[in-house]
Amino acid sequence: MTIVFKKTLMSVILTGVCVCVCVCVCVFAVLMWLLTYVGALFNGLTLLLLAVVCVFTVPLVYEKYQKQIDQYLGLVRTQVNSVMTKLREKVPGAKRKGE
């Protein structure tokens with residue numbers, strides 16, 4: 001009976017929905033873990049101040065260096081797409097919705 005349960009559980013886990021949920025939960029857990037270290041280093045008001053400074057400086061920096069930033073973002077996008085393609089080939093049930 002336990003072998004049947006394990007096979008059924010594995011078939012449920014390997015479906016696309018369950019894989020997506022597991023990945024989302026893992027990403028959320030890692031982000032929360034990283035935020036504990038950020039929270040230990042900074043005060044809440046300091047983070048708010050840094051966010052306000054970034055909101056006003058990032059657009060100006062992007063306007064000034066738009067060509068270089070777009071070039072490097074294009075390189076990052078191609079690398080991410082190639083890694084995602086490799087992951088989709090290896091993980092069962094991780095196909096795109098249109099496929």
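Residue positions within a chain follow its written sequence, with the count starting from 1. Side-chain atom pairs in this predicted model are given and counted only at pLDDT of 80 or more, local residue features only at pLDDT of at least 70, and totals for whole chains, interfaces and linings cover all residues. Note that water and hydrogens are dropped before the side-chain values are worked out from all heavy atoms of the structure.

## Focus on the overall build of the chain
Piece 1. By the criteria applied, helices consist of DSSP H or I runs no shorter than four residues and strands consist of E runs no shorter than two, each listed in order from the N terminus. The secondary structure content of the chain amounts to 4 helices and 0 strands.
Piece 2. Burial classes: relative accessible area under 20% of the type maximum marks a residue as buried, over 50% as exposed, and values in between as partly exposed (1.4 Å probe, protein chains only). A total of 99 residues make up the chain; the buried ones form 1% of that total.
Piece 3. Put simply, the chain shows about 9100 Å² of open surface, and 75% of that area lies on carbon and sulfur atoms. Computed with the Shrake-Rupley method and a 1.4 Å probe, the accessible areas treat only the protein chains shown as cover for residues.

## What to know about helix α3 (residues 44-64)
Piece 1. Expected helix span is computed as 1.5 Å times (number of residues minus one). Over its 21 residues, α3 runs 30 Å from end to end, which matches the ideal 30 Å to within 8%, given 1.5 Å per residue.
Piece 2. Two axes enter the definition of the bend at a residue: one is fitted to the seven residues ending there, the other to the seven starting there, and the bend is the angle between them. Threonine 57 marks the point of greatest bend in α3, at about 30 degrees, and the proline proline 59 comes within the next four residues.

## A short note on the confidence of the model for the chain
Piece 1. Scored from 0 to 100, pLDDT reflects the predictor's confidence in each residue. Per-chain confidence: the chain averages 81 in pLDDT, with 74% of residues scoring 70 or above.
Piece 2. No element of the chain has a lower mean pLDDT than helix α1 (residues 2-13), at 55, and none a higher one than α3, at 93.

## Quick notes on the packing of aromatic side chains
Piece 1. Geometry of aromatic contacts follows a simple scheme: Phe, Tyr and Trp rings, the Trp one being its six-membered ring, pair when their centres are within 6.5 Å, and the pair is stacked under 30 degrees between planes, edge-to-face over 60, tilted otherwise. Scanning all chains against the criterion turns up 1 aromatic pair.
Piece 2. Ring plane angle 90 degrees and centroid distance 5.3 Å describe the contact between tryptophan 33 and tyrosine 37, whose orientation is recorded as edge-to-face. A residue pair is termed a helical-turn pair when its members lie 3 or 4 positions apart in one helix, as tryptophan 33 and tyrosine 37 do in helix α2 (residues 16-41) at 4 residues.

## What about the environment of tyrosine 62?
Piece 1. Assignment of secondary structure puts tyrosine 62 in helix α3.
Piece 2. Tyrosine 62 gets classed as partly exposed once you look at its relative accessible area, which sits at 30%.
Piece 3. For this analysis, residues touch if any pair of their heavy atoms sits within 4.5 Å. Each residue touching tyrosine 62, except ones within four places of it in the same chain, is listed here: Ile69 and Asp70.
Piece 4. Think of a polar contact as two N or O atoms within 3.5 Å of one another; within protein, one of them needs to be a possible hydrogen donor and the other a possible acceptor, and neighboring residues in sequence only count if both atoms come from side chains. At 2.8 Å, the side chain of tyrosine 62 and the side chain of aspartate 70 are in polar contact.

## Remarks on the UniProt feature "transmembrane region" (unreviewed entry) in the chain
Piece 1. Sequence positions flagged by UniProt for "transmembrane region" (unreviewed entry) are, in local numbering, residues 12-35 and 41-62.
Piece 2. Annotated as 91% helix and 0% strand, the span residues 41-62 places its first and last C-alpha atoms 28 Å apart. UniProt positions are given in the numbering used here, feature names are shortened, and annotations may be inferred rather than shown by experiment.

## Regarding the packing of α3 against helix α4 (residues 66-90)
Piece 1. Following both chains from N to C, one finds α3 and α4 inclined at 95 degrees, their axes separated by 5 Å at the closest point. Classed by the angle they form, the pair α3 and α4 counts as roughly perpendicular. Contacts from Val61, Tyr62, Glu63 and Lys64 of α3 reach α4 at Gln66, Ile69 and Asp70.
Piece 2. Only Asp, Glu, Lys and Arg are considered charged, only Ala, Val, Leu, Ile, Met, Phe, Trp, Tyr, Cys and Pro nonpolar, and every remaining residue, Gly among them, polar. Along the lines of polarity and charge, the residues of the contact of α3 with α4 split into 3 nonpolar, 1 polar and 3 charged. Fitting a line to C-alpha atoms yields each axis, with helices limited to the stretch in contact; the angle taken between N-to-C directions then spans 0 to 180 degrees. Angular relationships are summarised with four words: roughly parallel below 35 degrees, roughly antiparallel beyond 145, roughly perpendicular across 65 to 115, and oblique for the angles in between.

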